[in-house]
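Structure at a glance
Listed below are the residues making up each chain.
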Amino acid sequence: MIVVLGGSGYVGSSIVNLLASRGKEVRVLSRKDCNYYDPASLGDAIGNADFVINAAGYTGRPNVDACELHKHECLMGNAVLPGVVKEVCATKKLPWIQISSGCIYTGTRDDGTGFTELDPPNFSFRYNNCSFYSGTKALGEEVLADAEDCYILRLRIPFENLDNPRNYLTKLLRYQRLLRATNSLTFLDEFAESCLHCAENRPETGIYNVTNTGYVTTDEVVERLKTHGITDKEFQFFDSEEEFMQTAAKAARSNCVMNNQKAIAAGFPLSEVHEALDKAMANWMPEAAATGAK
Ligand SMILES: NC(=O)c1ccc[n+]([C@@H]2O[C@H](COP(=O)([O-])OP(=O)(O)OC[C@H]3O[C@@H](n4cnc5c(N)ncnc54)[C@H](OP(=O)(O)O)[C@@H]3O)[C@@H](O)[C@H]2O)c1
Ligand SMILES: Cc1cn([C@H]2C[C@H](O)[C@@H](COP(=O)(O)OP(=O)(O)O[C@H]3O[C@@H](C)[C@H](O)[C@@H](O)[C@H]3O)O2)c(=O)[nH]c1=O
């Protein structure tokens, strides 16, 4: 049985739905069920699982700006909780997944290529340049440096075919003005498939950049939304990142390029990013229809 902490959330519910649709026995854990910060209580709640996925964490709503105001929850959920799950899974000898984020990087490597799993995070408290959210996600990975039998899967700006306030495509459609940026992205369906791949096929444990191959600019994504007939909106853009920071954001954002070669070599089902965007956009489901669709 696979136990999913935070299975009620945006990412967790996508994973739970996929596992259930593939006939896997899956159980959702919530903060209501036990004390996440007491290893004995969490261990009892995890019970007789044979695989654990930690999709619980604090992300802030509507976006990571909220983490600047809720630092305690953010630190506990993103940096302390992974350490408790590590302890419980080590005691029970369980393999498990921690959902991390590509937002612990900014930009590209000096040679213009994407960050690999060997590159230390450069958008973290250690660099003193990050949002509170990104800092806590980088700390969460540090806490797991010595974790056994653990997959640290880095998700990066999720998108999918279902219109949802957490979906990057929905965000681009709804924000009044857009920041011009270059990013690697993650098709949520393929991220969920990647979790299943880890649980079923048990590739080597460790950190994986679970992003679609390559990167895209904001302009490319909005042009594609038009090509697919999802919108005919005339998008407005910020003149600069400074203007974005002054008028629309409380915390600096990570925009970055990631290298997914390690994940591809380990058999993770990740397509090229433009192809993945086309798959999501070709099946676009507006919010009213998307509610309860998965
Ligand atoms: N969404 C993204 O863009 C994105 C991108 C990269 C990585 N991630 C990572 O993916 C994971 C899930 O994110 P999500 O977008 O699915 O978030 P979400 O929709 O807010 O769901 C997270 C779930 O975690 C539980 N939770 C909320 N606050 C918590 C706290 N302070 N401590 C412990 N548990 C808490 C809640 O479940 P219960 O109320 O049932 O306990 C919630 O449903 C997080 O680790 C996040 O950092 C997300
Ligand atoms: C607020 C805002 C953001 N943006 C841009 C900045 C970013 O490139 C992109 C996403 O920014 P936000 O929506 O603020 O999302 P965010 O920064 O909260 O998104 C992050 O959520 C975390 C939980 C994940 O770990 C990250 O991987 C990422 O998905 O949208 C605009 O273009 N206009 C806006 O008004």
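Bear in mind that the values here come from a model prediction, so they are computed numbers and not experimental data.

1. Some details on helix H10 (residues 273–282)
Given 3.6 residues to a turn, an α-helix orients residues that are three or four positions apart in the same direction. Here H10 has its buried residues at Val273, His274, Ala276, Leu277, Ala280 and Met281. Across the axial projection of H10, the buried residues extend over an arc of 160 degrees, all falling on one side. In this structure, the buried residues of H10 make contact with strand S6 (158–159), helix H5 (168–174), strand S8 (186–187), strand S10 (216–217) and helix H7 (218–227).

2. Points about the side chain of glutamate 141
Take glutamate 141: it is sitting in helix H4 (residues 132–143). Residues within four places of glutamate 141 in sequence aside, it is in contact with Ser100, Ile104, Ile152, Arg154 and Ile207.

3. Considerations on the confidence of the model for the protein chain
Close inspection of predicted coordinates is inappropriate for parts of the model with low pLDDT. Taken as a whole, the protein chain shows an average pLDDT of 96; of its residues, 99% reach a score of 70 or greater. When pLDDT is averaged over each helix and strand of the protein chain, the minimum, 74, is found for helix H11 (residues 287–290) and the maximum, 99, for S8.

4. Looking at the side chain of arginine 154
By the element assignment, arginine 154 lies in strand S5 (residues 150–155). Residue arginine 154 is classed as buried on the basis of its relative accessible area of 1%. Among the polar contacts made by the side chain of arginine 154, one reaches the side chain of asparagine 209 at a distance of 3.0 Å.

5. Points about the UniProt feature "domain: RmlD-like substrate binding" (unreviewed entry) in the protein chain
In the UniProt entry, the feature "domain: RmlD-like substrate binding" (unreviewed entry) is given for residues 2–282. With 38% helix and 13% strand, the stretch residues 2–282 has end C-alpha atoms that lie 31 Å from each other.

6. Comments concerning the site of ligand 1
Ligand 1 sits among 25 residues. The nearest are Val11, Arg31, Arg61, Tyr133 and Lys137. At 2.8 Å from an oxygen atom of ligand 1 is found a side-chain nitrogen or oxygen belonging to lysine 137. In this structure, an oxygen atom belonging to ligand 1 sits 3.2 Å away from a side-chain N or O atom of arginine 166. Within the complex, the protein chains bury 88% of what would otherwise be the 890 Å² of accessible surface of ligand 1. Elements with a minimum of two residues in the shell around ligand 1: helix H1 (10–21), helix H3 (71–92), strand S4 (96–101) and H4. The dominant element in the shell around ligand 1, judged by the number of residues it contributes, is S4, at 3 residues. Among the residues making up the shell around ligand 1, the classes are represented as 11 nonpolar, 9 polar and 5 charged.

Cut-offs used in this document
Residues numbered from 1 in each chain as written. Chains lettered and ligands numbered in written order. Predicted model: local features only at pLDDT ≥ 70, side-chain atom pairs only at ≥ 80, totals over all residues. Heavy atoms only, no water. Buried < 20%, exposed > 50% of the residue type's maximum accessible area, 1.4 Å probe, protein only. Helix = DSSP H or I, 4+ residues; strand = E, 2+ residues; numbered from the N terminus. Arc of directions from axis to C-beta. Contact = heavy atoms within 4.5 Å. pLDDT = per-residue confidence, 0-100. Polar contact = N/O pair within 3.5 Å; in protein donor to acceptor, adjacent residues only side chain to side chain. UniProt positions renumbered as here; feature names shortened; annotations may be inferred. Near = heavy atom within 4 Å. Areas by Shrake-Rupley, 256 points an atom, 1.4 Å probe, with all protein chains shown as cover. Nonpolar A, V, L, I, M, F, W, Y, C, P; charged D, E, K, R; others polar.

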